[in-house]
Amino acid sequence: MTQPIAIKLPRLQNDLLELFRIGYDADSKGVFRMGFTEADMQARDWLIKKFEQEGFSARMDSAGNIIGSMPGQHSGPVVAIGSHIDSVPAGGMFDGSLGVLAGLECMRTVRDHDLYCHYPLEVYAFAEEEGRFGGMMGVQAIAGELTPQWLETAHDANHVLLKDEMARAGLSALEALNARVDPKHFHAFLELHIEQGPVLERIKKPVGVVDAISGVYKWLVRLIGKANHAGTAPMDMRSDAFMGLADFAHEIPRIIEEDGTDKSRLTIGWVKLKPGYAHTVPGEAEFTLVGRDTDPQVMQDLADSCRRVLSAIARRHNLMFEFEQMSWLAPQAMSDEVIQAFCRRAEALQLDYEVMPSGAGHDAQYMARITPTGLIFIPSIGGISHAPDEWTHWQDVEIGANLLLHTALDFARPSGKTQSA
Ligand SMILES: [Zn+2]
């Protein structure tokens, strides 16, 4: 059997290292390429030149997305590959950049081997995925999910307005609405990303095929009792808000066991006690509760169960209970057609793979609203990401890029549509 066509790892390595230098900070050893900063825009210019040097066309749309393209034998619809090239503060080398540069490497491989593509290929580097201004702004522009109000008012943690930052980069915020692409333009969308979690490394598999991206809800919960002297208030006469919180935290495993799945997550990540003094019984416990699951009904069941348990605990401890739902983002399933295509190709390439959920959000979740979309993971060493010591073995980078290439070709060369057709 002849060896399957393969990408050239040294070229992809070189691109990743070159891009990592844009916005690199020697002190933290991380990259600072937050959306629409100077470094981010510099990286976008670098990417356009990179495509052009290789003989492909590339452009920036009105939302700041970079789109590299390669014509097929027919004008459309296109097989799109992509991810993002902005970073968190002190980010790593692979998060997002891998999915974009692997797409470029797929195009080069198609060109080198003069492979037949019925449909055109496009590579997307989406703008502002990481959340400086809320996240996934570029892909939402393409999917037509942005509103003028949001574009006018979105700001970062330092109260810098998105529209001012975009203006500084030579873009007009409201023009981002024109970046919307007719869903008919796309045939499929494929994203390769690092896992950013420990599962693939633990089960020793080089590839994860994502079946769904978790939805997430965030509550701000308040348990209100009565602050009192920690010495004079007898234990059985207190309304201790912290004891309510502690009881609830203990109930979390049971809530997941009864109403959740192995994909459910419930996290209390922030807590504030009032008055917050060592010698005072806490009169109020305020905390965040973040719930995740890949199934919308399970997410609802978890939320209902949390509410029931919190009110029962509040009664038991003589507390008042209230909560505010800060956000509710529904889960997003990936396309069965693309999942199966990835799995078939992984088998053909003799790769051991795991079908798994994604606990983190990705550009793919918005592309899934407009075209058949799939997402694959490669292992993150120690599960570390959003940090300078984020790392992935080069061998796994090669495996992921080759799986991306062959699956993209399957969509670019649908059966029955051959060179002679
Ligand atoms: Zn990412």
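Residues numbered from 1 in each chain as written. Predicted model: local features only at pLDDT ≥ 70, side-chain atom pairs only at ≥ 80, totals over all residues. Heavy atoms only, no water.

A. Representation of a nonpolar patch on the surface within the structure. Side chains of Phe 242, Met 243, Val 271 and Leu 273 sit close together on the surface and give an oily, nonpolar patch of about 310 Å² of accessible area. Among the structural elements, Phe 242 can be located in helix α8 (residues 241–259). By relative accessible area, which is 35% here, Phe 242 ends up partly exposed. (Patch = residues over 30% accessible without salt bridge, like charges linked within 9 Å, V, L, I, M, F, W, Y side chains within 5 Å. Areas by Shrake-Rupley, 256 points an atom, 1.4 Å probe, with all protein chains shown as cover. Salt bridge = Lys/Arg side-chain N within 4 Å of Asp/Glu carboxyl O. Helix = DSSP H or I, 4+ residues; strand = E, 2+ residues; numbered from the N terminus. Buried < 20%, exposed > 50% of the residue type's maximum accessible area, 1.4 Å probe, protein only.)

B. Inspection of the coordination of the zinc ion at higher detail. Note on the zinc ion: its protein donors are His 84 (NE2), Asp 95 (OD) and His 193 (NE2). The metal-donor distances range over 2.0 to 2.2 Å. Read from N- to C-terminus, the donor residues coordinating the zinc ion fall into the pattern H-x10-D-x97-H. A residue pair is termed long-range when its members are at least 10 positions apart, and His 84 in strand β5 (residues 78–84) and His 193 in strand β7 (residues 186–194) qualify at 109 residues. The residues His 84 and His 193 share a single accessibility class, namely buried. (Donors = N, O, S within 2.8 Å, 3.2 Å for Na, K, Ca; no water.)

C. Quick peek at helix α2 (residues 38–53). Helix length check: α2, at 16 residues, gives a terminal C-alpha distance of 22 Å against a target of 22 Å (1.5 Å per residue), a fit within 8%. Within the sequence span of α2, burial applies to Ala 39, Asp 40, Met 41, Ala 43, Arg 44, Trp 46, Leu 47, Ile 48, Lys 50 and Phe 51. Where α2 is buried, its residues touch α1 (9–20), β3 (57–60), β4 (66–70), α3 (97–112) and β6 (121–126). The positive-phi residue at the C-terminal boundary of α2 is Gly 55, with phi of around 90 degrees. (Expected span 1.5 Å × (residues − 1). Contact = heavy atoms within 4.5 Å.)

D. Representation of the pattern of salt bridges. Under the criterion given, the structure shown has 30 salt bridges. Lys 8 is the partner of Asp 112 in a salt bridge, and the nearest nitrogen-oxygen pair spans 3.7 Å. One end of the pair, Asp 112, is in helix α3; the other, Lys 8, is in the segment before α1, and 104 residues separate them in sequence. Three or more residues are tied together by salt bridges with common partners; here these are Lys 8, Arg 11, Asp 15, Glu 18, Lys 50, Glu 54, Glu 105, Arg 108, Arg 111 and Asp 112.

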